[in-house]
Amino acid sequence: MEIVIARDAAAVGELAADAIVAALGRRSEPVLGVATGSSPLTTYRALALRPIEWRTVAAFALDEYVGLPEEHPQSYHRVIDVEVTQRLGLDPGRVHVPNGNAGDLSGECERFERAIRDAGGVDVQILGIGSNGHIGFNEPASSFGSRTRIKTLTPRTRRDNARFFSSPEEVPVHCITQGLGTIMDARRVVLVATGDRKAAAVAAMVEGPVSARVPASILQHHRHATIVVDEAAAEQLA
Ligand code: F6R
């Protein structure tokens, strides 16, 4: 693991963008793995200013809520469209988000895995981290070998994400998420974290034992993982 500590969220975005652009630049039709949530927003802003042929880049989202209409402002279809597809100028036809309203959700999970494989796998996966150590929506006790599947969000994650909704009850209970095995297949991983709310999870991911209790700790075994954090999120590192 490569750990980079930056001054603030804007600097995190710039440094993460450097790592992402370096990795994408080597491929003719690159595949980017994209996260939602607030952590990667400064990264997307920094990426938008980089001279990449964004129309040639394919993107795969990490996750989507189950049962939230696609047009809901907090569905990851919408968030990815606004924060990633439009901001970077991606070709919408190359942007893939799991369908959380599919009639056959297990079939949708398999289809999504196949689509990633058919695109040649993910070159660079952008990640945030939950305050409980989740990546994607792989909550504590997720299997390290897991693939894209349906998960139940923990009460803590639903509380954390309530800030995006008008009431805590509105946060969906289920989601589709890429598995830890799926994420580990990405050729490069760039995880961004900011703020003291993430400090304990960051320390556990980087310095704790590799344990399903802290799903992000599996990244200690990734062959090319870069963790970019601001000073507040680095507070509990030794
Ligand atoms: C989002 C995702 C989650 C978030 C994590 C942190 O696609 O997969 O793992 O990255 O919950 O969220 P924020 O950045 O909002 O604190």
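The coordinates are above.
Summary of the structure given here. This is a predicted model, so every value here is computed, not measured.

**Points about the overall build of the protein**
Here's step 1: Looking only at helices and strands, the protein features seven helices and 10 strands.
Here's step 2: Scaling as 2.2 N^0.38, a compact globule of 238 residues should have a C-alpha radius of gyration of about 18 Å, and the protein matches this with 16 Å.
Here's step 3: The dimensions of the protein, computed from C-alpha atoms along their principal axes, are 50 × 40 × 35 Å.
Here's step 4: Buried positions account for 47% of the 238 residues belonging to the protein.
Here's step 5: Of the contacts made within the protein by residues no fewer than 6 positions apart, 80% connect residues no fewer than 24 positions apart.

**Looking at the packing of helix α1 (residues 9-24) against helix α2 (residues 41-48)**
Here's step 1: Contact geometry of α1 with α2 gives a least axis separation of 7 Å together with a crossing angle of 55°. Classified by the angle their axes make, α1 and α2 are oblique. As α1 packs across α2, the resulting crossing turns out to be right-handed. For the pair α1 and α2, the contacting residues are A9, A10, V12, G13, E14, A16, A17 and I20 in the first and T42, T43, R45, A46 and L47 in the second.
Here's step 2: Within the contact of α1 with α2, the residues separate by chemical class into eight nonpolar, three polar and two charged.

**Quick word on the sheet that holds strand β4 (residues 63-65)**
Here's step 1: Spatially, three strands are ordered β4-β8-β7 in an open sheet, and the strand pairing comes out antiparallel. Each of the sheet's edge strands pairs with one partner strand only, and the pair in question is β4 and β7 (149-152). For this sheet, the mean angle separating the axes of adjacent strands, direction not counted, is 30°.
Here's step 2: The pairing of β4 with strand β8 (residues 174-177) spans three bridges and is classified as antiparallel. Within β8, the residue paired with Y65 across the bridge is C175.

The rules behind these values
Residues numbered from 1 in each chain as written. Predicted model: local features only at pLDDT ≥ 70, side-chain atom pairs only at ≥ 80, totals over all residues. Helix = DSSP H or I, 4+ residues; strand = E, 2+ residues; numbered from the N terminus. Rg over C-alpha atoms; globule rule 2.2 N^0.38 Å. Buried ≥ 20, exposed ≤ 12 C-beta atoms within 10 Å, placed from the backbone. Contact = placed C-beta atoms within 7 Å. Axes fitted to C-alpha atoms, helices over the stretch in contact; angles between N-to-C directions. Parallel < 35°, antiparallel > 145°, perpendicular 65-115°, else oblique. Left-handed = near helix turned anticlockwise from the far one by under 90°. Nonpolar A, V, L, I, M, F, W, Y, C, P; charged D, E, K, R; others polar. Pairing = 2+ DSSP bridges.

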